[in-house]
Each structure stands twice: as C-alpha cells, then as structure tokens.
Amino acid sequence: MITGEQKPIDEIREMISPYKRILVLGCASCVAECAAGGEKEAAMLASTLRIAAKMRKENVLIKEKTLDRQCVRDFIISLDDIIGKYDVVLSLGCGAGVQAVAEIFPEVPIIPALNTGFLGETKDQGYWVESCLGCGDCMLYHFGGICPLARCSKQLLNGPCGGSMDGRCEIDPDVECAWHLIVDRLTKFGALDRLENIYPPKDWSRKQGKGPRKIVREDQ
Ligand code: SF4
Ligand code: SF4
C-alpha cells in the first residue's frame with residue numbers, strides 16, 4: 001500500500017485560508033489502512049478545522065466525504081453532483097489521488113492534506129515499514145522475497161556489506177540487516193546458490209527518467 005501522514009494542521013490551515021466552502025475528501029484505500037486519510041481521519045480533520053474556524057469567528061462551510069478510491073476515475077466522478085458547492089477540495093488521498101481529482105475537476109483547486117510516503121506494509125498497529133521502491137523490474141525471486149533496494153541501507157544488490165552485527169544493520173542498529181535476512185531465507189529454501197550470481201547495477205530507467213510510467217493492458 002501507499003503510506004502517508006497528515007501535514008501539520010497549521011500548514012493545512014494556511015493553505016485553505018483563502019477559501020470559504022471546503023470539502024475534506026478522504027480515501028478509503030491505502031491511506032485509510034495507514035490511518036492517515038480514511039473516513040475517520042477525514043471526519044476528524046473536518047471537525048478540527050470547523051472548531052478552529054468557529055473559535056476565530058470565521059464563517060466557513062466545511063464538509064467531509066470519503067471515496068472508496070481517490071485515484072480511480074469511476075469513484076471520482078461521483079463528486080460531480082456536489083463539487084460545485086465548494087470552492088476548494090482538501091484531499092486526504094495520496095499524491096496520485098490528489099492529481100486524479102485535479103485532472104477530472106480542473107476548475108476546482110485541490111489541496112493536499114497528506115505527505116505521501118512510501119510503498120510498505122502494516123507490521124503492527126500504528127507501525128508501517130517501507131518494503132518496495134517500485135523499481136519496475138522485481139528481483140525478489142533472487143533474494144528470497146526480501147528487497148535489498150528498499151530494505152538494505154546501502155541498496156546493495158551484491159551483499160552483505162560485512163558490517164552487520166547480530167543481524168542488525170551497521171548504519172542503523174534499529175534496522176534488521178536485509179542481507180542477513182536474505183541469506184537466512186535462501187539457506188532455508190536450499191537456494192543459496194542464487195547468490196553466486198553477480199548482479200549488475202540496477203537499470204533505473206524502468207523506474208524513472210522518461211516521465212510518468214504507464215501500464216497498458218489490452219485484455220482489460
Ligand atoms: S525488487 Fe523492485 S519491485 Fe521488487 S520489491 Fe524491490 S523495489 Fe519493489
Ligand atoms: S549491514 Fe546489512 S542492511 Fe546494513 S548496509 Fe550492510 S548489508 Fe545493507
């Protein structure tokens with residue numbers, strides 16, 4: 001999932017300050033899972049902004065709504081009936097959601113309420129960890145299902161670096177050494193010979209450098 005964190009409330013208030021009719025727009029997918037932008041968080045943010053406006057005696061209309069997915073056109077167009085009532089949308093979607101809404105409703109300013117983070121996993125309640133950089137050429141097969149690009153501090157494709165201690169990374173002992181995990185996993189599978197390959201430098205052209213990446217599927 002894509003993770004995000006809510007921006008500081010003062011930054012949000014500054015961005016919405018010119019507007020009088022504000023739609024706080026949540027997204028019930030990734031950002032709901034990371035407790036940053038779902039229905040509950042949209043309601044809480046709208047309520048906080050309403051209270052702040054009331055305390056300052058500002059005459060502002062603030063409503064909230066949550067889409068199932070803010071990055072999918074079929075869900076976004078459901079705003080068609082109501083978007084005309086607002087002069088700004090404060091989006092709790094990830095950066096993709098914000099841009100998708102902006103593209104479909106170009107006449108309405110869209111303001112991001114989140115800082116979009118990384119592709120990661122929910123490890124525990126309130127604990128999310130990055131696990132994929134979206135490199136465009138997945139190598140997890142070679143590394144026993146553990147991504148050294150996302151999880152090794154030096155992004156080594158030919159590790160380990162030799163600095164780990166007791167399975168912890170030399171850069172940050174709070175981090176498990178990705179290469180320690182890779183060697184353990186491949187040993188368990190009897191597949192340690194995969195590490196006899198020398199992996200060339202990553203071809204990052206499949207991730208960036210040619211504008212936005214696209215997936216086109218003719219079977220869809
Ligand atoms: S190898 Fe690439 S696609 Fe696979 S998990 Fe790592 S960053 Fe993601
Ligand atoms: S100690 Fe492990 S995780 Fe840290 S940089 Fe070296 S190989 Fe990568």
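Residues numbered from 1 in each chain as written. Chains lettered and ligands numbered in written order. Predicted model: local features only at pLDDT ≥ 70, side-chain atom pairs only at ≥ 80, totals over all residues. Heavy atoms only, no water.

**Brief notes about the sheet that holds strand S6 (residues 114–124)**
Turning to step 1, where the next piece is worked out: With respect to topology, 3 strands assemble into an open sheet ordered S1-S6-S7, the strand pairing being antiparallel. A single partner strand is all that each edge strand has here, and the edge strands are strand S1 (2–6) and strand S7 (127–132). Looking at each pair of strands side by side, their axes are set apart by 70° on average, direction ignored.
Turning to step 2, where the next piece is worked out: Pairing of S1 with S6, which is carried by 4 bridges, proceeds in the antiparallel orientation. Each residue of the ladder has a partner; that of Ile2, found in S6, is Leu119. (Pairing = 2+ DSSP bridges. Helix = DSSP H or I, 4+ residues; strand = E, 2+ residues; numbered from the N terminus. Axes fitted to C-alpha atoms, helices over the stretch in contact; angles between N-to-C directions.)

**Some remarks on the pairing of S6**
The two faces of the sheet receive side chains in turn, since in a regular strand these alternate between them.
Turning to step 1, where the next piece is worked out: With 5 bridges joining them, S6 and S7 adopt antiparallel strand pairing. The residue of S7 that forms the bridge with Thr122 is Trp128.
Turning to step 2, where the next piece is worked out: Here S6 hands over to S7 after 2 residues, with Gly126 in that stretch at a positive phi of 75°.

**Examining helix H5 (residues 95–104)**
Turning to step 1, where the next piece is worked out: Within H5, the full set of buried residues consists of Gly97, Val98, Ala100 and Val101. For H5, the angular spread of buried residues about the axis comes to 165°, placing them on one side. Facing away from the buried surface of H5 by more than 90 degrees, the exposed residues are Gln99 and Glu103. (Buried < 20%, exposed > 50% of the residue type's maximum accessible area, 1.4 Å probe, protein only. Arc of directions from axis to C-beta.)

**Quick word on the site of ligand 2**
Turning to step 1, where the next piece is worked out: Near ligand 2 you find Cys152, Ser153, Lys154, Pro160, Cys161, Ser164, Cys169, Glu170, Cys177, Ala178 and Trp179, and these make up its full shell.
Turning to step 2, where the next piece is worked out: Per-class residue counts for the shell around ligand 2 are 7 nonpolar, 2 polar and 2 charged. (Near = heavy atom within 4 Å. Nonpolar A, V, L, I, M, F, W, Y, C, P; charged D, E, K, R; others polar.)

**Topic: the packing of aromatic side chains**
Turning to step 1, where the next piece is worked out: Enumeration over the complete set of coordinates arrives at 2 aromatic pairs.
Turning to step 2, where the next piece is worked out: For the pair Phe143 and Trp179, a centre-to-centre distance of 5.5 Å together with 75° between the ring planes defines the contact as edge-to-face. Taken as a pair, Phe143 in the loop between S7 and helix H6 (148–151) and Trp179 in helix H7 (residues 178–188) lie far apart in primary sequence, 36 residues in all.
Turning to step 3, where the next piece is worked out: Accessibility expressed as a relative area gives 2% for Trp179, which makes it buried.
Turning to step 4, where the next piece is worked out: Pairing Phe143 with Tyr199 gives two aromatic rings, centres 5.2 Å apart and planes at 70°, and the pair type is edge-to-face. With Phe143 in the loop between S7 and H6 and Tyr199 in the segment after H7, the pair connects residues that are 56 residues apart, well separated along the chain.
Turning to step 5, where the next piece is worked out: Residue classification places Tyr199 among the buried residues on the basis of a relative accessible area of 9%.
Turning to step 6, where the next piece is worked out: Taken together, the ring pairs connect Phe143, Trp179 and Tyr199 into an aromatic cluster.
Turning to step 7, where the next piece is worked out: In this structure, Arg194 is placed above the aromatic ring of Tyr141, and the distance from its NZ or CZ to the ring centre is 4.0 Å. (Phe/Tyr/Trp six-rings, centres within 6.5 Å; stacked < 30°, edge-to-face > 60°. Lys NZ or Arg CZ within 6 Å of the ring centre and 35° of its normal.)

**Here's the deal with the nonpolar core**
Turning to step 1, where the next piece is worked out: Counting 20 residues, the largest nonpolar core has Ile22, Val24, Leu45, Leu49, Leu90 and Leu92 as the members making the most contacts within it.
Turning to step 2, where the next piece is worked out: Elements with a minimum of two residues in this core: helix H1 (9–16), strand S2 (21–27), helix H3 (39–55) and strand S4 (88–91).
Turning to step 3, where the next piece is worked out: Considering each element in turn, this core owes the most residues, 4 residues, to H3.
Turning to step 4, where the next piece is worked out: Among residues more than four places away in sequence, those in contact with Leu45 are Gln6, Ile9, Ile12, Val24, Leu90, Leu92 and Ala113. (Core = buried A, V, L, I, M, F, W, Y, C linked by side-chain atoms within 4.5 Å. Contact = heavy atoms within 4.5 Å.)

**Regarding the environment of Cys30**
Turning to step 1, where the next piece is worked out: Inspection of the secondary structure puts Cys30 in helix H2 (residues 30–33).
Turning to step 2, where the next piece is worked out: Among the residues examined, Cys30 registers a relative accessible area of 28% and is labelled partly exposed.
Turning to step 3, where the next piece is worked out: Here the alpha-carbon distance between Cys30 and Met55, two residues 25 residues apart in the chain, equals 33 Å.
Turning to step 4, where the next piece is worked out: Residues within four places of Cys30 in sequence aside, it is in contact with Met1 and Ile2.

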